[in-house]
Amino acid sequence: MSADLVIVANRLPVDRVELDDGSAGWRGSPGGLVTAVEPVLRANDGTWVGWPGGTESDLDPFDHEGLHLVPMSMNAQEIQEFYEGFSNATIWPIYHDLVAKPEFHREWWDAYVSVNQRFAEKAAEIAAKGATVWVHDYQLQLVPQVLRELRPDLRIGFYLHIPFPPAELFQQLPWRRQILEGLLGADLVGFQMPGAAANFVRLVRQRVGHKTHRDLIYLPDGRTVRAAAFPISIDAAGFEELAQSEPVGKRATAIRDALGNPTKIFLGIDRLDYTKGIYARLRAFSELINDGHLDVEEAVFVQVAVPSRERVEQYKILRDDIDRLVGRINGDVGRIGRPAISYLHTSYPREEMAALYRAADIMVVTPYRDGMNLVAKEYVACRFHNDGALVLSEFAGAAAELRQAWLVNPYDINGMKSALLEACQADEKEVTRRMKAMRKTISQHDVQAWAESFMTELAGDRFMHGKKVRPVKRS
Ligand code: G6P
């Protein structure tokens, strides 16, 4: 096997699952990375290296619905130490503003190093001469460096799908320098936001000691690495088409019927993650009912929480907290056949998501910190009648583009209550004006545009800087 474009990500776009008849099958993987990168792979006929979930080993490369997939196995200890541990209990909270407390364990780091090494070796094995390898996300930050050592002929890109923290937080990491050096194996390091790219360049200058100029980093081996923002997006036209389809339209009507045809449906769809601000938004909604601003006969909040990282302690705690809160709110303010919150702990296929987006009058996206948030963009793409209101956290990357949303600070419950009420009571003209503007933005900056700008930049002339730079200092 030899591929001209290799995508390397922790997860494959499909998860291995057991079907009802006991046989093995595949289901779409959760999260924004897969939503965004899958259409890119499809359009470019590349090969995707990643973990199919579970502990099965010796899975052969296979094709699935036109995608070439190379499964990487992980044993139970690696899942615990590399995936649940270092990736999701160390890096994830640090990169998300310490919304939860990170844990530091040396064994977790060792597992991170060895799994990264293995992913890099696999990419090196299957990439054709001079191929492009595009490495994705925080689980694989050491892959670019290992890969460059193994295969200096490759063009290597890296893209981070989550925020990159300011130096003040990043430097808590005992392995901060190794991670920066790992990323510097790439020719191009892409981030969601310009601030994240600037944080990275500053850290490289301070912690590794390389010379930098704006978004360029000059390495002692003569290479120039660029670090820049490429805000990610969705397949906007694909989502709109799906939303316009007859089955989705019918399903949206059926959802409204099943909810008792309330005047206003509020909707939240998130992975069940503590960065998403689910607890705070449900509280804000329930207080509006308590205060008499909303009535359960007329308004309902549908919250879909997609199961995620269920064995990580902080996620277990969150699940219990949300279960309790939903039970309490419904017990306190619900009436027979009229719960205030319709809570679904499950994941849905794209068609059902599109139907929910069509059915909802107010979409509520309130993360404490989020690299981009593609759910907000999906909602906008599905509102082809230019109706529907979006309440969006200032701390989601998407807020930089979707300026016409009702922007909120999720730490400010009263502010969030006012925004929810305003969005709910806004007149049609106002809602349309805002939605139209946001739809224009999304249609111009879709995922094809994102991939194209990254790939064009990566394929561009890579110059050796020819500057005299000092060897790096040790810190
Ligand atoms: C986010 C991350 C992805 C991750 C996804 C789902 O979108 O950026 O890298 O794959 O969440 O999380 P999981 O831990 O289930 O892969």
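This is a predicted model, so every value here is computed, not measured.

Draft legend 1. The environment of phenylalanine 104, seen in detail. As for its placement among the helices and strands, phenylalanine 104 is situated in the loop between helix H2 (76–95) and helix H3 (106–126). Put simply, phenylalanine 104 and leucine 173 are 69 residues apart on the chain and 7.9 Å apart in space, counted from C-alpha to C-alpha. The contact partners of phenylalanine 104, leaving out residues within four places of it in the chain, are Thr90, Ile94, Gln172, Leu173, Pro174 and Trp175.

Draft legend 2. A look at helix H14 (residues 413–425). Taking 1.5 Å of rise per residue, 13 residues should cover 18 Å, and H14 covers 18 Å from first to last C-alpha, within 8% of that figure. Within the sequence span of H14, burial applies to Ile413, Met416, Lys417, Ala419, Leu420, Leu421, Ala423 and Cys424. Residues of H14 that are buried sit in contact with strand E13 (264–271), helix H10 (278–290), strand E16 (362–365), strand E17 (389–393) and strand E18 (406–408).

Draft legend 3. Region of the structure containing the pattern of salt bridges. This structure, assessed with the given rule, holds 35 salt bridges. Here arginine 311 ties to glutamate 84 by a salt bridge, and the two come within 2.9 Å at their closest N and O atoms. Remark: glutamate 84 occurs in helix H2 and arginine 311 occurs in the loop between strand E14 (299–306) and helix H11 (313–333); sequence separation between them is 227 residues. Of the residues examined, arginine 311 reaches a relative accessible area of 53% and is grouped as exposed. The partner of arginine 309 in a salt bridge is aspartate 273, with the nearest N and O atoms 3.5 Å apart. Note that arginine 309 is positioned in the loop between E14 and H11 and aspartate 273 in the loop between E13 and H10, a separation of 36 residues in sequence. For the pair arginine 309 and aspartate 273, one class covers both residues: buried. Here the residues in one salt-bridge network are Arg283, Glu287, Asp291 and Lys417, joined through shared partners.

Draft legend 4. Focus on the packing of helix H6 (residues 176–183) against helix H7 (residues 194–208). It is at 10 Å that the axes of H6 and H7 come closest, and there the two elements cross at 120 degrees. Put simply, H6 runs oblique to H7. Our pair here, H6 against H7, has a crossing hand that is left-handed. Between H6, through Arg176, Arg177, Leu180, Glu181 and Leu183, and H7, the contact on the second element is made entirely by Phe200, Leu203, Val204, Arg207 and Val208. Counted by class, the contact of H6 with H7 contains six nonpolar, no polar and four charged residues.

Draft legend 5. Local environment of the packing of H10 against H14. Packing of H10 against H14 brings their axes to within 9 Å, and their N-to-C directions diverge by 65 degrees. Helix-helix and strand crossings are classified by hand; for H10 and H14 the assignment is right-handed. Every residue of H14 that contacts H10 at Ala280, Arg281, Ala284, Phe285, Glu287 and Leu288 is listed here: Ile413, Met416, Lys417, Leu420 and Leu421. Residues that form the contact of H10 with H14 fall into these classes: eight nonpolar, no polar and three charged.

Draft legend 6. Helix H16 (residues 447–459), seen in detail. When the terminal C-alpha atoms of H16 are compared, their 18 Å separation across 13 residues agrees well with the 18 Å that a helix rising 1.5 Å per residue should span. By the burial criterion, the buried members of H16 are Val447, Trp450, Ala451, Phe454 and Leu458. Angular distribution of buried residues about the axis of H16 spans 90 degrees; they occupy a single face of the element. Every exposed residue of H16 that faces more than 90 degrees away from the buried side is listed here: Glu452, Thr456 and Ala459. Next to the buried residues of H16 lie helix H1 (32–44), strand E7 (127–136), strand E8 (155–159) and strand E9 (188–191).

Draft legend 7. A look at the site of the ligand. Contacts to the ligand come from 13 residues, most closely from Arg11, Tyr83, Asp137, Gln139 and Arg309. A distance of 3.1 Å separates an oxygen atom of the ligand from a polar side-chain atom of glutamine 139. Arginine 309 is positioned with one of its side-chain polar atoms (N or O) 2.8 Å from an oxygen atom of the ligand. For the ligand, whose free accessible area comes to 380 Å², the fraction covered by protein is 93%. Its residues assigned to classes, the shell around the ligand comprises five nonpolar, four polar and four charged.

Draft legend 8. Quick look at the pairing of strand E4 (residues 47–51). With five of its five residues buried, E4 lies for the most part within the structure. Because side chains alternate across E4, one face comprises the buried residues Thr47, Val49 and Trp51, and the other comprises Trp48 and Gly50, equally buried. Note: strand E1 (residues 3–11) against E4, four bridges, orientation parallel. Across the sheet, residue valine 8 finds its bridge partner in E4, namely valine 49.

Draft legend 9. Highlighting the sheet that holds E4. Taken in spatial order, the 10 strands of this open sheet run E5-E6-E4-E1-E7-E8-E9-E12-E11-E10, and their pairing is mixed. Both edges of this open sheet fall to strand E5 (62–64) and strand E10 (211–213), since each of them pairs with a single strand only. With direction set aside, neighbouring strand axes in the sheet form an average angle of 25 degrees.

Draft legend 10. Spatial organisation of the sheet that holds E14. With parallel pairing, six strands are arranged side by side in an open sheet as E15-E14-E13-E16-E17-E18. Each of the sheet's edge strands pairs with one partner strand only, and the pair in question is strand E15 (341–345) and E18. The sheet shows a mean angle of 15 degrees between the axes of neighbouring strands, taken without regard to direction. Across three bridges, E17 lies against E18 in parallel orientation. Bridge pairing in E18 links valine 391 to tryptophan 406. Along the sheet, helix H12 (residues 350–359) makes contact with E13, E14 and E16, crossing E13 at roughly 145 degrees.

Draft legend 11. Inspection of the pairing of E1 at higher detail. Burial within E1 is extensive, with eight of its nine residues counted as buried. Sheet topology places E1 next to E7; five bridges connect them, and they run parallel. Residue pairing in the sheet places valine 6 in a bridge with valine 133 of E7.

Rules of the game
Residues numbered from 1 in each chain as written. Predicted model: local features only at pLDDT ≥ 70, side-chain atom pairs only at ≥ 80, totals over all residues. Heavy atoms only, no water. Helix = DSSP H or I, 4+ residues; strand = E, 2+ residues; numbered from the N terminus. Contact = heavy atoms within 4.5 Å. Expected span 1.5 Å × (residues − 1). Buried < 20%, exposed > 50% of the residue type's maximum accessible area, 1.4 Å probe, protein only. Salt bridge = Lys/Arg side-chain N within 4 Å of Asp/Glu carboxyl O. Axes fitted to C-alpha atoms, helices over the stretch in contact; angles between N-to-C directions. Parallel < 35°, antiparallel > 145°, perpendicular 65-115°, else oblique. Left-handed = near helix turned anticlockwise from the far one by under 90°. Nonpolar A, V, L, I, M, F, W, Y, C, P; charged D, E, K, R; others polar. Arc of directions from axis to C-beta. Near = heavy atom within 4 Å. Polar contact = N/O pair within 3.5 Å; in protein donor to acceptor, adjacent residues only side chain to side chain. Areas by Shrake-Rupley, 256 points an atom, 1.4 Å probe, with all protein chains shown as cover. Pairing = 2+ DSSP bridges.

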